[in-house]
Amino acid sequence: MVRRYLKKSSVTTASAGAAQVDVSQIVKGVIDDIRNNGDTAVRKYSEKFDKWSPESFKLSKADIETAIAAVPSQTIEDIKEVQKNVRRFAQAQRDSIRDFELETQPGVFLGQKNVPISVAGAYIPGGRYPLLASAHMTILTAKVAGVEHVIGCTPPIAGQMPNATIAAMHFAGADEIFVLGGVQAVAAMAIGTETIRKVDFIAGPGNAFVAEGKRQLFGDIGIDLFAGPTEILIVTDERADPFTVATDILSQAEHGPDTPSVILTTSEEVGRRSMEIIDELLKEMPTAALAGTSWRAFGEVIVVDTLDEAWKVADEIASEHVQIFTRNPREALEKMTAYGALFLGEKTCVSYGDKVIGTNHVLPTRKAARYTGGLWVGKFLRTVTYQEVKSSEASGELGRLCGRAARAENFEGHARSGDLRAQKYLSDKYTWISRANEALASPSAKI
């Protein structure tokens, strides 16, 4: 399989991660400080990183009402409309997950239950952009899953209350809202402080510091994903509209200066024309400083001979977002296996998934799509099992089987649990039980 690059990323994996050592050390220091000093450390880092030190990071009911009142009515309507879409899809996901119990043999019952996490934290990014949509994707999804208590944290924006984000968090169902950002917010939720309740799980995207914080805290708490920069891959044949390709590539490149944006096409003409249009669009794009930096450093255009080759290359890339601009977009559903989300045909786009259509936008990056999907209601559920044996005969037979299976692995203690039930319910005899009973019955036995 021959692939030709019309444009190749100028950044190697090693150089892209070179700054990670410093990020890791800074994050570790913040986490250690918060672990030892609680709210005092949280406030210190909020002042240092965000210049934000209100009397209380937690919003009162009145604070939330004031924030909502400051948001334009159209924005409120749009938040509610988007959340209706997200809720509908998340509820369908929840309905697809079922508890069950079956009798595997007479008198032997095995079951499965899906139990919601008790307390979840949601991190809603701010900083460069107020990501209202992340409130829908994290808080609302947790609530549909049945999480009893959801804490939401979001940073101030330029020293001001992020009113629209607060509105989105409230309407999504957050039980507590904190205007607190960065790794200090993630650490406070994961560890717990005097004023911030410890959570069991944290979901939500963030910058490199937030992502590293989640990575270091994983184990103390569960997390949704190990997230990296946003990614987009567009697969096209010769029928694709280069203007649409270019526009959609830049829609994701504006996320930050390190977004891998890839065009994979069977048409060199589509690839070259898309590159020309990207350069033209960047001349007047308000976010060109970010999008252009990202495209120049991380953008790629790859040409292959056939769509079958394109599907294979696409699976190797395992991108977070994959748009399909081909004669039969649904072919990708059968031919591809590694992606965060698919966007089939020109009538949809990654931006719909990011903002409005209803599927979740918290998705795997850095090839993690090879082993996991994105955030969904199932991430907020613990699938647990139980068993009950009501039949004496079945318990005895299982005891015999357990004894043999355990001794094959040299687990004598396991085997004896099985022996005991075989003797109790099938009247089998075991020397170790007889000896133990004799010793216990002896006057010299100490109980």
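Residues numbered from 1 in each chain as written. Predicted model: local features only at pLDDT ≥ 70, side-chain atom pairs only at ≥ 80, totals over all residues. Heavy atoms only, no water.

Engineer: Is there a simple way to think about the overall build of the chain in this case?
Structural biologist: Each helix and strand in the chain was counted, giving 17 helices and 14 strands. Overall, the chain is about 95 × 60 × 40 Å in size when its C-alpha atoms are taken along their principal axes. Every one of the 447 residues in the chain was classed for burial, and the buried ones make up 49%. Pairs at least 24 apart in sequence give 72% of the contacts found in the chain among residues at least 6 apart. Here the chain displays about 22,100 Å² of accessible surface, and carbon together with sulfur accounts for 52% of that area. (Helix = DSSP H or I, 4+ residues; strand = E, 2+ residues; numbered from the N terminus. Buried < 20%, exposed > 50% of the residue type's maximum accessible area, 1.4 Å probe, protein only. Contact = heavy atoms within 4.5 Å. Areas by Shrake-Rupley, 256 points an atom, 1.4 Å probe, with all protein chains shown as cover.)

Engineer: Where do I start with the packing of helix α3 (residues 61-69) against helix α6 (residues 163-172) in this structure?
Structural biologist: Contact geometry for α3 and α6: axes closest at 8 Å, N-to-C directions at 120°. The angle between α3 and α6 falls in the class oblique. Handedness of the crossing formed by α3 with α6: left-handed. On α6, the residues that touch Ile 64, Ala 67 and Ile 68 of α3 are Asn 163, Ile 166, Ala 167, His 170 and Phe 171. Here the contact of α3 with α6 is composed, by residue class, of 6 nonpolar, 2 polar and no charged. (Axes fitted to C-alpha atoms, helices over the stretch in contact; angles between N-to-C directions. Parallel < 35°, antiparallel > 145°, perpendicular 65-115°, else oblique. Left-handed = near helix turned anticlockwise from the far one by under 90°. Nonpolar A, V, L, I, M, F, W, Y, C, P; charged D, E, K, R; others polar.)

Engineer: It is not clear to me how the environment of Ser 395 should be interpreted in this structure. Could you clarify?
Structural biologist: Tracing the backbone shows Ser 395 in helix α15 (residues 392-408). Separated by 27 residues in the primary sequence, Ser 395 and Ala 422 have C-alpha atoms spaced 7.1 Å apart. Excluding its chain neighbours within four sequence positions, the residues that come into contact with Ser 395 are Val 389, Arg 421 and Tyr 425.

Engineer: Please explain the sheet that holds strand β3 (residues 108-116) as it appears in this structure.
Structural biologist: Neighbouring strands of a sheet are bound in pairs by backbone hydrogen bonds; such pairs are parallel or else antiparallel. With antiparallel pairing, the 3 strands of this open sheet are ordered in space as β2-β3-β14. In this open sheet, the two edge strands, each paired with only one partner strand, are β2 (100-105) and β14 (381-389). Direction aside, the axes of adjacent strands within the sheet are offset by 20° on average. Taken together, the 5 bridges between β2 and β3 define a ladder with antiparallel strand orientation. Considered in β3, the bridge of Leu 102 is made with Leu 110. In the packing of α15 onto the sheet, contacts are made with β2, β3 and β14, and the angle to β14 comes to roughly 105°. (Pairing = 2+ DSSP bridges.)

Engineer: How should α6 be read in this particular structure?
Structural biologist: Working note: α-helix, 3.6 residues per turn, so residues spaced by three or four point in the same direction. By the burial criterion, the buried members of α6 are Thr 165, Ile 166, Ala 167, Ala 168, Met 169 and Ala 172. For α6, the elements touching its buried residues are α3, α4 (73-96), α5 (132-145), β5 (149-154) and β6 (176-179). After α6 finishes, the residue Gly 173 shows a positive phi value of roughly 115°.

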